[in-house]
Amino acid sequence: MRTGKAMPAVVMVIGGMDPSGGAGLCADIQTLSAMGCHAAPVVTAITVQNTVELRSFQSVEASLIEAQMRTVLDDLSPSVVKTGMLVNREIISVVSSVLGKHPEIKVIVDPVINSNNDERLSEGSLIVPLKKLLFPVASIITPNILEARLLAGKEAAADDCAALLSECNCMITGTHAESTKVINAYYQRGRKLREWIWPRLKFEYHGSGCTLASAIAAGVAHGLDMEQALEQAQQFVINSLWAGFRPGHGQHIPGRLCHDDVFTN
Ligand code: PLP
């Protein structure tokens, strides 16, 4: 029983199940738990994958996703929602419409289109529905440079992509860029506010984007302003990557529960 401790902040995470435990909701739940939050997971898809490859996935009916969200929101009061794999236009539509009725909730959008292994995690193009329906309710979107280029519709550098995505605030990550260091940048309505430069690690990690977006959600749920939340989240991610391990034959998995960077409230 918890004694003398504040209630952990509740964060709803909406995304897919990855049975290897590396990405998706497992990554979200581990990150949020390590950072002192309670995760309320809404399942959008069951993926069939391991650390080597994505074999297939099946989406959950949009009406069932809506029912999961509404049922949790009838009872719990998350201050933040983080979205990940949303699969198709119909799911984006119900998720945005439920969130649109809760303007008090801050929304962190990881615009999952492909996995880190470059395999499709969507049915049809998500670019238009994400931009039209979900981004308007987002406090921040967290594309990697490849996703930013797809969303911007241009093979451009991060600054140019951000300018083309100026209807929302974004953090564009540089893990997939060609540079020797990893450069992550925070843009408010297209204007760069801050840049962070990190060493490039030698392995590829399954679920690092999910970890980053959930860590941002945890910081926001704890009342940090966005810049502080981004700073803390990147520190959490880098520590998790340093503590990463290779449980199979493919990508490494971030050691989200394997380092001391664990927050309590
Ligand atoms: N969500 C799910 C369910 C996934 O399976 C994946 C990748 O496989 C992702 C999100 C994105 O993962 P990453 O954080 O590696 O970009």
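Calculation rules
Residues numbered from 1 in each chain as written. Predicted model: local features only at pLDDT ≥ 70, side-chain atom pairs only at ≥ 80, totals over all residues. Heavy atoms only, no water. Helix = DSSP H or I, 4+ residues; strand = E, 2+ residues; numbered from the N terminus. Buried < 20%, exposed > 50% of the residue type's maximum accessible area, 1.4 Å probe, protein only. Contact = heavy atoms within 4.5 Å. 1 Å grid on protein atoms, 1.4 Å probe; cavity = no way out; pocket = protein on both sides within 12 Å on 5 of 7 lines; lining within 4 Å. Points joined across faces, edges and corners; volume = space filled by probe spheres on them. Axes fitted to C-alpha atoms, helices over the stretch in contact; angles between N-to-C directions. Parallel < 35°, antiparallel > 145°, perpendicular 65-115°, else oblique. Nonpolar A, V, L, I, M, F, W, Y, C, P; charged D, E, K, R; others polar. Pairing = 2+ DSSP bridges. Salt bridge = Lys/Arg side-chain N within 4 Å of Asp/Glu carboxyl O. Polar contact = N/O pair within 3.5 Å; in protein donor to acceptor, adjacent residues only side chain to side chain. Core = buried A, V, L, I, M, F, W, Y, C linked by side-chain atoms within 4.5 Å.

(A) Focus on the environment of Gly36. Counting through the fold element by element, Gly36 comes out in the loop between helix 1 (24–34) and strand 2 (37–49). Considered as a pair, Gly36 and Gln49 are 13 residues apart in the sequence and their alpha carbons are 29 Å apart.

(B) Seen up close, helix 4 (residues 127–134). For helix 4, every residue scored as buried is listed here: Ile127, Pro129, Leu130 and Leu134. Looking at the buried positions of helix 4, the neighbouring elements they touch are strand 4 (80–83), helix 3 (89–100), strand 5 (106–109) and helix 5 (145–152).

(C) Layout of the layout of surface pockets. There is about 180 Å³ of room inside the second largest pocket. Around the second largest pocket, the lining is made up of 16 residues, and of these Ile145, Ala158, Gly174, Ala177 and Ile183 lie nearest the centre. Contributions of two or more residues to the lining of the second largest pocket are made by helix 5, helix 6 (158–164), strand 8 (182–188) and strand 9 (191–198).

(D) The arrangement of the packing of helix 3 against helix 4 in detail. Here helix 3 crosses helix 4 at 10 degrees, and the two axes come no closer than 9 Å. Looking at the two axes, helix 3 sits roughly parallel to helix 4. Contact residues: Arg89, Ile92, Ser93, Val95, Ser96 and Leu99 in helix 3; Val128, Pro129, Leu130, Leu133 and Leu134 in helix 4. Considered class by class, the residues forming the contact of helix 3 with helix 4 number eight nonpolar, two polar and one charged.

(E) Examining the pairing of strand 5 more closely. Relative to strand 5, strand 4 runs parallel, the two sharing four bridges. Looking across to strand 5, one finds that Val81 is bridged to Val107.

(F) Representation of the pattern of salt bridges. Enumeration according to the criterion identifies seven salt bridges in this entry. Lys192 is the partner of Glu195 in a salt bridge, and the nearest nitrogen-oxygen pair spans 2.8 Å. We classify Glu195 as partly exposed; its relative accessible area is 38%. Overall, Lys192 belongs to the partly exposed group, its relative accessible area being 34%. One connected set of salt bridges, linked through shared partners, spans Asp159, Lys192 and Glu195.

(G) Broad picture of the environment of Ile172. Structurally, Ile172 can be placed in strand 7 (residues 170–172). Contacts of Ile172, omitting those with residues within four sequence positions, involve Pro143, Asn144, Ile145, Ala148, Ala158, Cys161, Ala162, Ile183, Asn184, Ala185 and Tyr187.

(H) Spotlight on unusual backbone geometry. For Val87, which is not glycine, the phi torsion reads 70 degrees and is therefore positive. One can find Val87 in the loop between strand 4 and helix 3. What makes Val87 buried here is its relative accessible area of 0%.

(I) How the structure looks around the side chain of Asn88. Positionally, Asn88 belongs in the loop between strand 4 and helix 3. Polar contacts involving the side chain of Asn88 include one to the main-chain amide nitrogen of Glu90, which spans 3.2 Å. Only 2.9 Å separates the side chain of Asn88 from the side chain of Glu123, close enough to count as a polar contact. Beyond its immediate stretch of four places on either side in the chain, Asn88 contacts Ser59, Glu123 and Leu126.

(J) Broad picture of the nonpolar core. Ile14, Met69, Val95, Leu134, Ile141, Leu151 and Ile172 are the most contacted members of the largest nonpolar core, which totals 46 residues. Broken down by element, the residue count for this core peaks at six residues, all from helix 3. Val11, Leu201, Ala218 and Ile238 belong to the second largest nonpolar core, which has 35 residues in total.

(K) Molecular detail of the side chain of Asp28. By secondary structure assignment, the location of Asp28 is in helix 1. Residue contacts for Asp28: discarding those within four places in its chain leaves Val13, Lys82, Cys210 and Ser214.

(L) Representation of the environment of Leu99 in the model. Residue position: Leu99 is located in helix 3. Considered as a pair, Leu99 and Ala138 are 39 residues apart in the sequence and their alpha carbons are 9.5 Å apart. Setting aside chain neighbours within four positions, we find Leu99 in contact with Met69, Val81, Val107, Leu134 and Val137.

(M) Here's a closer look at helix 5. The buried count for helix 5 comes to six of eight residues, which makes it a mostly enclosed element. When helix 5 is considered as a whole, its buried residues turn out to be Ile145, Glu147, Ala148, Arg149, Leu151 and Ala152. The inward-facing, buried residues of helix 5 contact helix 4, strand 6 (140–141), helix 6 and strand 7. The opening residue of helix 5 is Asn144, an N-cap whose side-chain oxygen sits 3.0 Å from the backbone nitrogen of Leu146. Trailing helix 5 by a residue or two, Gly153 shows a phi angle of about 70 degrees, which is positive.

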